[in-house]
Number of protein chains: 2
Amino acid sequence: MFRTPYYVVIINTWESDDDRGYAEMGRRMTELGTAQPGYLGRTSVRGEAGHELTVFYYENPEAIAAWKQVPEHLGAQRLGRERWYSRYTVEVAKVERAYEFDAATPRS
Amino acid sequence: MFRTPYYVVIINTWESDDDRGYAEMGRRMTELGTAQPGYLGRTSVRGEAGHELTVFYYENPEAIAAWKQVPEHLGAQRLGRERWYSRYTVEVAKVERAYEFDAATPRS
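Residues numbered from 1 in each chain as written. Chains lettered and ligands numbered in written order. Predicted model: local features only at pLDDT ≥ 70, side-chain atom pairs only at ≥ 80, totals over all residues. Heavy atoms only, no water.

1. What to know about the relation of the copies chain B and chain A
Screw-axis analysis of chain B against chain A gives a translation of 0.0 Å along the axis, an RMSD of 0.0 Å, and a rotation angle of 180 degrees. Interpreted geometrically, this transformation is the action of a two-fold axis. The residues that chain B uses at the interface reappear at the interface of chain A in 100% of cases, marking a shared surface. (Least-squares fit on C-alpha atoms with pLDDT ≥ 70 in both. Contact = heavy atoms within 4.5 Å.)

What follows is the structure, encoded as structure tokens:
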């Protein structure tokens with residue numbers, strides 16, 4: 001959890017049948033993306049039928065816009081459309097409220 | 001995808017070892033939650049180690065606040081903390097931009 005306000009990019013992806021170069025590109029994008037100014041972290045869950053849901057966290061919308069335009073990342077987005085994904089959705093949102101529960105934390 | 005602006009509630013849950021009554025309550029909360037005014041839909045992925053990531057969609061923050069206070073839902077939230085979850089996070093966010101790609105849709 002981060003201090004509000006912060007931003008999220010919610011990405012749903014559904015894999016195609018073609019994963020040539022996907023793992024390698026994933027590693028490179030993780031390397032570049034985590035080094036991006038304003039990047040805070042991510043949480044990702046991979047489910048059935050090639051569906052993956054990932055939430056990326058950023059300090060502000062400028063960081064998101066800058067990452068979207070990084071040349072290597074533009075190439076990865078293009079390959080995503082041409083090769084790796086049958087479908088994806090992208091949503092950019094401002095987090096206004098956040099809280100958590102942890103059973104290991106004593107409550108008053 | 002919905003027409004912006006709309007709201008999301010991003011929920012990460014990690015199951016405890018105690019699932020007594022969980023499936024039944026899940027069905028009841030789905031029944032009540034989908035009937036809630038302003039509810040638009042959800043996407044959910046269940047991954048490893050009891051981690052589930054769900055995004056609920058709403059028309060506005062008032063719908064989210066109203067659902068949070070529904071008596072049966074308050075009871076479910078309490079049981080979630082006492083019994084079903086070892087940890088969870090809740091984030092409420094306003095979606096400012098959304099787009100999608102579908103390989104089955106012809107491109108110009």
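2. Details of the pattern of salt bridges
Tallying each qualifying case throughout the model produces 14 salt bridges over all chains. We note a salt bridge from A:Arg46 to A:Glu15, for which the minimum N-O separation is 2.5 Å. Of the two residues, A:Arg46 sits in strand S2 (residues 39-46) while A:Glu15 sits in strand S1 (residues 6-15), which places them 31 residues apart along the sequence. Classification of A:Arg46 by relative accessible area gives partly exposed; the value is 49%. Residue classification places A:Glu15 among the partly exposed positions, given a relative accessible area of 30%. Note that B:Glu100 is salt-bridged to A:Arg87, the shortest N-O span being 3.1 Å. Of this pair, B:Glu100 sits in strand S4 (residues 85-102) while A:Arg87 sits in strand S4 (residues 85-102), placing the two residues on different chains. Judged by relative accessible area, which is 39%, B:Glu100 ranks as partly exposed. (Salt bridge = Lys/Arg side-chain N within 4 Å of Asp/Glu carboxyl O. Helix = DSSP H or I, 4+ residues; strand = E, 2+ residues; numbered from the N terminus. Buried < 20%, exposed > 50% of the residue type's maximum accessible area, 1.4 Å probe, protein only.)

3. Here we look at the interface of chain B and chain A
Every contact between the two is made by 37 residues of chain B and, on the other side, 37 residues of chain A. Interface area, chain B with chain A, both sides summed: about 3,300 Å², of which 58% is carbon and sulfur. Connecting chain B to chain A are 2 salt bridges. Elements with a minimum of two residues in the side of chain B that touches chain A: strand S1 (6-15), strand S2 (39-46), strand S3 (51-58), helix H2 (61-68) and S4 of chain B. Among the elements that line the side of chain B that touches chain A, the one with the most residues is S4(B), at 18 residues. Tallied by class, residues from the side of chain B that touches chain A come to 20 nonpolar, 7 polar and 10 charged. When S4(A) meets S4(B), the two strands line up antiparallel, connected through 15 bridges. (Buried area = accessible area lost by both parts, 1.4 Å probe. Nonpolar A, V, L, I, M, F, W, Y, C, P; charged D, E, K, R; others polar. Pairing = 2+ DSSP bridges.)

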